[in-house]
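The lines below spell out each chain.
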Amino acid sequence: MYINLKSGIKLYYEEYGKEDEYPLLFLHGNGESLETFKYFFDKLNNYRLIFVDSRCHGKSSYGELHFNLMRDDIIKLIEELKINRLSIVGYSDGGILAILLSMKLKNIDKIFAIGPNLNPLGLKHEIINQMKIDYELNHSIYTKLDLEEPEIDPIELRELDTRAIIIGGSDDAIKQEHLELISKSYKNSCLYIIPNSDHGIPNSHPFELLTIIENELSLNVYYEDNHVIVVEKPVGVLSQEDSSKEADILSITKNYLKIKYNKPGNVYLGLIQRLDRNVSGLMVLSKTTKATTRLNQSRPKKHYLAIAHGKLEKDNGTIVDYIEKDEERRIAYKNDNGKIAILRYNLLNYLNGLSLLDVFIETGRFHQIRFQLSNIGHPLYNDSKYGNKDSLDEYGIGLDAYKVEFIHPISAKRIVIERYPKRDIFNIFMDKTA
């Protein structure tokens, strides 16, 4: 299939997988075509897979060749295909493009950059010398591109929200310290080095690459070190396993770590905090028993975004109640002899009859936010249990733990992790919050 761009370039692309599912965009390397990723054509079938020939490559049009032009082509392609959110798998020059795209677009969740470099000096000296010899002989536009471009300042990557998965070979054409620099430059990133591999990972080690991609897509990780991992729990997923044996975030994260670090046997992971099944948000988990003990002593603080019906009388305030839990019906109710529940809120925006609130609870009571907001006449969006009779689905209520704060169990540094929920109901407030 082709898309005609206003620049006069005609881009060729092919699609596989499921058209209505989450998109993965594949970008090949210098002098190649989408056939670089032929191993993946019949893999990852639960996603929408889009493979592109960059300008001057494969079946696409030829013209000037610069990274910024290729980047702009891909941006136009994403717009033409009406893609709202996506992840990108880029190899070599395609990895460079993935980095450049993450600097321009806010709708990229993850990039898998395989053997990228920020500038030509990221290449090993012997590779650069050979390229210079080749260019003297053939004056190839492809060789010229990699000798002169890109020129990316790593400082510009520090504030990007995109998660960057940097992948290299143990004998890559890119210096390992350069791959480490790229990974460390993103605030949310990780680095995989595939053993016994050179630069040509998609062809020489496609199964290992597929395993990395599948594992990283299985979980949204926002922070990780040797002691702590902060992950996102989607709506509909349990915090930990129960008698239903349905998906739970603790088991998912254990499996993620087992695959990522090739761990034999069971993986230890401590559950520091929980979220209700129909609530999304960030969760702090501990990777060692020492971290578990210390995090339980100084509990992480959770901040929520809540979508409530109607507009609250005051733009900010404190709600105090005494509540109890009805074990049989699994609901909270008001009881003057119950436990104190303190909730503080700030109104961020009011739109279409809905209020977006920033909520912090000083007390962690059962269904506290849901009950307290409903009790003052402002039930949460889609929360049928607490007064909203117009619920639209079984799980997702208008509540998300968007920020966590904790004292690191080893370094004692204050860690703050924050992200905006990628859910349709929260999207109506995107870029409209005060």
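Provided above is the structure to which this section pertains.
Predicted model only: the values in this text are computed from it and were never measured.

What follows concerns the overall build of the protein chain. A count of helical and extended segments in the protein chain gives eleven helices and 19 strands. Rg of the C-alpha trace for the protein chain: 24 Å, near the compact-globule value of 22 Å for 434 residues, within the 12% margin. Considering only C-alpha atoms, the protein chain reaches an extent of 85 × 50 × 40 Å along its principal axes. Put simply, the protein chain has 434 residues, and 54% of those count as buried. Within the protein chain, contacts between residues separated by at least 24 positions form 67% of all contacts whose residues are at least 6 apart in sequence. Carbon and sulfur atoms provide 47% of the accessible area of the protein chain, an area that totals close to 20700 Å². With 56 positive and 62 negative side-chain charges, the protein chain shows a separation of 6 Å between the mean positions of the two kinds.

What follows deals with helix α8 (residues 249-260). Look at α8: 16 Å from first C-alpha to last across twelve residues, which is about the 16 Å you get at 1.5 Å a residue. Where α8 is concerned, the buried positions are Ile 249, Leu 250, Thr 253, Tyr 256, Leu 257 and Lys 260. Buried residues of α8, seen end-on, are gathered within an arc of 125° and therefore sit on one face of the element. For α8, the side-chain oxygen to backbone nitrogen distance between the N-cap and Leu 250 is 3.3 Å, and the N-cap itself is Asp 248.

Another aspect to go through is the sheet that holds strand β1 (residues 2-4). The strands that make up a sheet are held in pairs by hydrogen bonds between backbone atoms, and each pair lies either parallel or antiparallel. With respect to topology, eight strands assemble into an open sheet ordered β1-β2-β4-β3-β5-β6-β7-β8, the strand pairing being mixed. Two strands in the sheet have a free side with no partner beyond their single neighbour: β1 and β8 (189-194). Direction aside, the axes of adjacent strands within the sheet are offset by 20° on average. Relative to strand β2 (residues 10-17), β1 runs antiparallel, the two sharing three bridges. Its bridge partner being in β2, Asn 4 is matched across the sheet by Lys 10.

In the structure shown here, the tally under the stated rule is 23 salt bridges. One network of salt bridges, in which partners are shared, links Arg 85, Asp 109 and Lys 422.

Looking now at the environment of Ser 384. Residue placement: Ser 384 occurs in the loop between α10 (368-375) and β18 (399-407). In this structure the C-alpha to C-alpha distance between Ser 384 and Ile 397, which are 13 residues apart in sequence, comes to 8.7 Å.

Before going further, it helps to spend a moment on a nonpolar patch on the surface. Residues Val 320, Tyr 322 and Ile 340 make up a contiguous nonpolar surface patch of roughly 230 Å² in combined accessible area. When you line up the elements, Ile 340 lands in strand β16 (residues 339-351).

Calculation notes
Residues numbered from 1 in each chain as written. Predicted model: local features only at pLDDT ≥ 70, side-chain atom pairs only at ≥ 80, totals over all residues. Heavy atoms only, no water. Helix = DSSP H or I, 4+ residues; strand = E, 2+ residues; numbered from the N terminus. Rg over C-alpha atoms; globule rule 2.2 N^0.38 Å. Buried < 20%, exposed > 50% of the residue type's maximum accessible area, 1.4 Å probe, protein only. Contact = heavy atoms within 4.5 Å. Areas by Shrake-Rupley, 256 points an atom, 1.4 Å probe, with all protein chains shown as cover. Lys, Arg positive; Asp, Glu negative; His and termini not counted. Charge placed at Lys NZ, Arg CZ, Asp CG, Glu CD. Expected span 1.5 Å × (residues − 1). Arc of directions from axis to C-beta. Polar contact = N/O pair within 3.5 Å; in protein donor to acceptor, adjacent residues only side chain to side chain. Pairing = 2+ DSSP bridges. Axes fitted to C-alpha atoms, helices over the stretch in contact; angles between N-to-C directions. Salt bridge = Lys/Arg side-chain N within 4 Å of Asp/Glu carboxyl O. Patch = residues over 30% accessible without salt bridge, like charges linked within 9 Å, V, L, I, M, F, W, Y side chains within 5 Å.

Don't take any of this as a statement about function, it's just geometry.
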